[in-house]
Each structure stands twice: as C-alpha cells, then as structure tokens.
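Working through the structure, step by step
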Amino acid sequence: MKFAIFGDIHANLEALEAVLADAADHDCSHHVCIGDIVGYNANPRECLELVRSLECPVVKGNHDEEASLDTDLIGLNPLAEQSMKWTREQLTNEDKEYLSDLKLVRQVRDFTIVHATLDTPPGWGYVTSKFDALASFSYQYTPLCFFGHTHTPVFYSKSLSVEVEDGLKVEIEQGKKYFTNVGSVGQPRDGDPRASYCIYDMGGQRMINRRVEYDLHTAQKKILDAGLPEMLAQRLELGK
Ligand code: ZN
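Reading guide: rules and limits
Residues numbered from 1 in each chain as written. Predicted model: local features only at pLDDT ≥ 70, side-chain atom pairs only at ≥ 80, totals over all residues. Heavy atoms only, no water. Helix = DSSP H or I, 4+ residues; strand = E, 2+ residues; numbered from the N terminus. Axes fitted to C-alpha atoms, helices over the stretch in contact; angles between N-to-C directions. Parallel < 35°, antiparallel > 145°, perpendicular 65-115°, else oblique. Contact = heavy atoms within 4.5 Å. Nonpolar A, V, L, I, M, F, W, Y, C, P; charged D, E, K, R; others polar. Polar contact = N/O pair within 3.5 Å; in protein donor to acceptor, adjacent residues only side chain to side chain. Pairing = 2+ DSSP bridges.

**Considerations on unusual backbone geometry**
Positioned with a positive phi, Asp27 is a non-glycine residue whose angle comes to about 60 degrees. By secondary structure assignment, the location of Asp27 is in the loop between α1 (13-25) and β2 (30-33). A positive phi angle is found at His149, which is not glycine, with a value near 80 degrees. Looking at the secondary structure, you find His149 in the loop between β5 (144-147) and β6 (154-158).

Given below as structure tokens:
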C-alpha cells in the first residue's frame, strides 16, 4: 500500500493536478493531506473541491483556519494578508465550514499527520532544526509523523538523538521514529520550484520525496489575472 502525502497546496491547482498524476504513476492508492489547501494562489475553491473529492484524511493548516474565520488578520505577512482577504471572498460558507471543522492532528494507520508541530499544534510554530524536531518527537506516539508548514522537505529521524537523513529516499529502520516534512505542493521555498510531496510505501517500509514539474506559467497568469500581488507569481518560479 502506497500513500501520497502532500500539503501546502495553497490554491495552486496546476501543481496539485501534477502531483496527483505523479502519485498515480507511482501506484499510490491512498491520499493524505497535511493542510494549507488555500491561501496565496488563485484557485482556492478548485483545490478544495479536488482534495475533498479524494475523500482522504486531511488536517487543518494555518491558512485553512484563517480562511474559515471572519476575524481581523493578525500575524500574517503582507503578501499572505492580501491574498487571505481575496481568498475569503472566493470561498462559500460551506467551504469555510469544511475548513473550520478540520482536525489539527490525526492518526492514519501507523502514522500521525499534523500541519506544523506536534508539541503545540494550534501555535503554528515552525520546525526548522533538529532542536525543533525534538520537541515534536516528544509528542509523537507512532513510528512516523508527516508534517509541512515550512514548505521545505526534510526527513528527521530519532533513535538516541535527532538526525537529518540525507537524500530523497529513506529506508525505515525498526525502533527509530521519523518526523517527515513533505514539502509544499503549491509554493516550494527551498529554491526548487517543482512541486514537492512524499510517497510512504507502507509494505516496503520506505519514504520517498518526489519533485514534480507543473505548468507554472498558467498558475502565474491566474495569480496576475485575479489581481493578486505580482510577487506571489514571481516567487513560484524562484521556489521561494
Ligand atoms: Zn503553508
């Protein structure tokens, strides 16, 4: 059984479609979404509809939460804020209810999913170091956990200490725990503009980070046509 685990889609329909096609090519029979379906890019409703049609486990991201609320926008960077105002206008009440009802943490088979951190899921902190990962490992009760939020794929593992696993593929060792960032479908920030997601091969006990080319120019054109900040289109080709 292979799971395609993806998140930080951020309303980028072209990237999401390319990831789902790549997952099908690699015989993924199951899907899992670690949140931030909306925000930043130009197709929030279409991405929501596509994710919902997969009928898969989904957890809530900070943008999903913001989009479901009517409260003042606090703590978002100016680009995110401008995009969030626009996103709220696009979504129906039913869309917002769906996003609002999403859980922060879920267990699926032998793994856990969360958007940002396991130590304080509603705090939306960023795991950017082994030290940050250690805090989440303290609350991880399954061998594997998948997360996102930083838009940068990385495999953390823990036996006696926390390490970063090299490479794009990890063979899972018994007795170790893994805290895996699947990267971002719709707005990668590690300098590689290709969409990122993770395949968890449960039978083969391995995890593979996949990078997928997509029709970036169409996604950029939609951002500009929607009147969203030009910077949001530019950053997609920079992978930042
Ligand atoms: Zn995000």
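**Focus on the packing of α1 against helix α2 (residues 44-53)**
The contact between α1 and α2 brings their axes to 9 Å, and the two run at 20 degrees. Taken together, the axes of α1 and α2 are roughly parallel relative to one another. Residue-level inspection shows Leu13, Leu16, Glu17 and Leu20 of α1 in contact with α2, the latter providing Glu46, Cys47, Leu50 and Val51. When the residues that make up the contact of α1 with α2 are grouped by side-chain class, the tally is six nonpolar, no polar and two charged.

**Overview of the side chain of Gln220**
By the element assignment, Gln220 lies in helix α7 (residues 216-225). Of note is the side chain of Gln220, whose polar atom sits 2.7 Å from the side chain of Glu237. When neighbours within four sequence positions are excluded, Gln220 is seen to be in contact with Ala233, Gln234, Leu236 and Glu237.

**Considerations on the sheet that holds strand β7 (residues 162-164)**
One key point about sheets: their strands pair by backbone hydrogen bonds, in either a parallel or an antiparallel sense. Pairing in this open sheet of six strands is mixed, and the strands run β3-β4-β5-β9-β6-β7 from one edge to the other. Looking along the sheet, the strands with just one partner apiece sit at the ends: β3 (105-108) and β7. Across this sheet, the average inter-strand angle for adjacent strands is 20 degrees, counted without regard to direction. Sheet analysis places β3 next to strand β4 (residues 111-114), joined by four bridges and oriented antiparallel. Within β4, the position partnered with Val108 by the bridge is Phe111.

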